[in-house]
Amino acid sequence: SQTIHQWPATLVQPVGSPLSLECTVEGTSNPNLYWYRQAAGRGLQLLFYSVGIGQISSEVPQNLSASRPQDRQFILSSKKLLLSDSGFYLCAWSVPDLPEAFFGQGTRLTVV
Amino acid sequence: GESVGLHLPTLSVQEGDNSIINCAYSNSASDYFIWYKQESGKGPQFIIDIRSNMDKRQGQRVTVLLNKTVKHLSLQIAATQPGDSAVYFCAEDSSYKLIFGSGTRLLVRP
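Please read these numbers as outputs of a predicted model, since none were measured by experiment. (Residues numbered from 1 in each chain as written. Chains lettered and ligands numbered in written order. Predicted model: local features only at pLDDT ≥ 70, side-chain atom pairs only at ≥ 80, totals over all residues. Heavy atoms only, no water.)

Before we go on, may I ask you to explain the sheet that holds strand β8 (residues 73-78) of chain A in this structure?
Sheet strands pair by backbone hydrogen bonding; their relative direction is either parallel or antiparallel. Residues and elements named next belong to chain A. Strand order in this open sheet of four strands is β1-β3-β8-β7, and the pairing throughout is antiparallel. Strands at the two margins of the open sheet, each flanked by one partner only, are β1 (3-7) and β7 (64-70). For this sheet, the mean inter-axis angle between neighbouring strands, taken without regard to orientation, is 15 degrees. Bridging between β7 and β8 involves five bridges; their strand directions are antiparallel. Bridge pairing in β8 links S67 to I75. (Pairing = 2+ DSSP bridges. Helix = DSSP H or I, 4+ residues; strand = E, 2+ residues; numbered from the N terminus. Axes fitted to C-alpha atoms, helices over the stretch in contact; angles between N-to-C directions.)

Written out as structure tokens, the structure is:
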């Protein structure tokens, strides 16, 4: 069966520090991968998606970036965090051509 | 632009009653619409989906209705239980990606 791992679960970082969140998927090949952000009490905002290794599409301008160095690995990064980067970050995967996306447990990031 | 939104931010129902959560969408080109359930501090969990060429789809205690004429989607939960308390999101499939609405919080009163 397929599983998705996302870590860390919680993170507190100072303003201006770098960020690296990692997500890996097991049990499937060539998945579509996604990073979403959720502000408190709000919906999910799509940040990045990837349909293959090295292929990244950005949905919103920001100081975050994403990379896909391996087929089942998706990384969300920032060189310098802002207070507004605080939120709940969710990684997800889907089978190409099928609509359902399956989510990780999320990382709660607090920038102080 | 594309948007998916919900009519009610919070819905309170009595345990055992049926719940109806509504959603409006604007992109009539979407092929799929999906409902997710999100419990506090967790990632969204897939509940049920419906293709754009269908009007109704049933699952275990849940039914999704799609009215393409008025671009309206609803999720019906039968015999609502305390474990159904969560935030529910509708989402539409748009070219490899899911666009989510803002969510409805379902509260189940004992």
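So, next bit.
How should the interface of chain A and chain B be read in this particular structure?
One frequent convention defines the size of an interface as the accessible area lost when the parts assemble. At the interface, 20 residues of chain A touch 19 residues of chain B. Buried area between chain A and chain B, summed over both chains or domains, comes out near 1,600 Å², and the portion from carbon and sulfur atoms is 59%. Summed over the shared surface of chain A and chain B, the number is one salt bridge. Here K97 of chain B and E59 of chain A are joined by a salt bridge, their closest N and O atoms 3.1 Å apart. (Contact = heavy atoms within 4.5 Å. Buried area = accessible area lost by both parts, 1.4 Å probe. Salt bridge = Lys/Arg side-chain N within 4 Å of Asp/Glu carboxyl O.)

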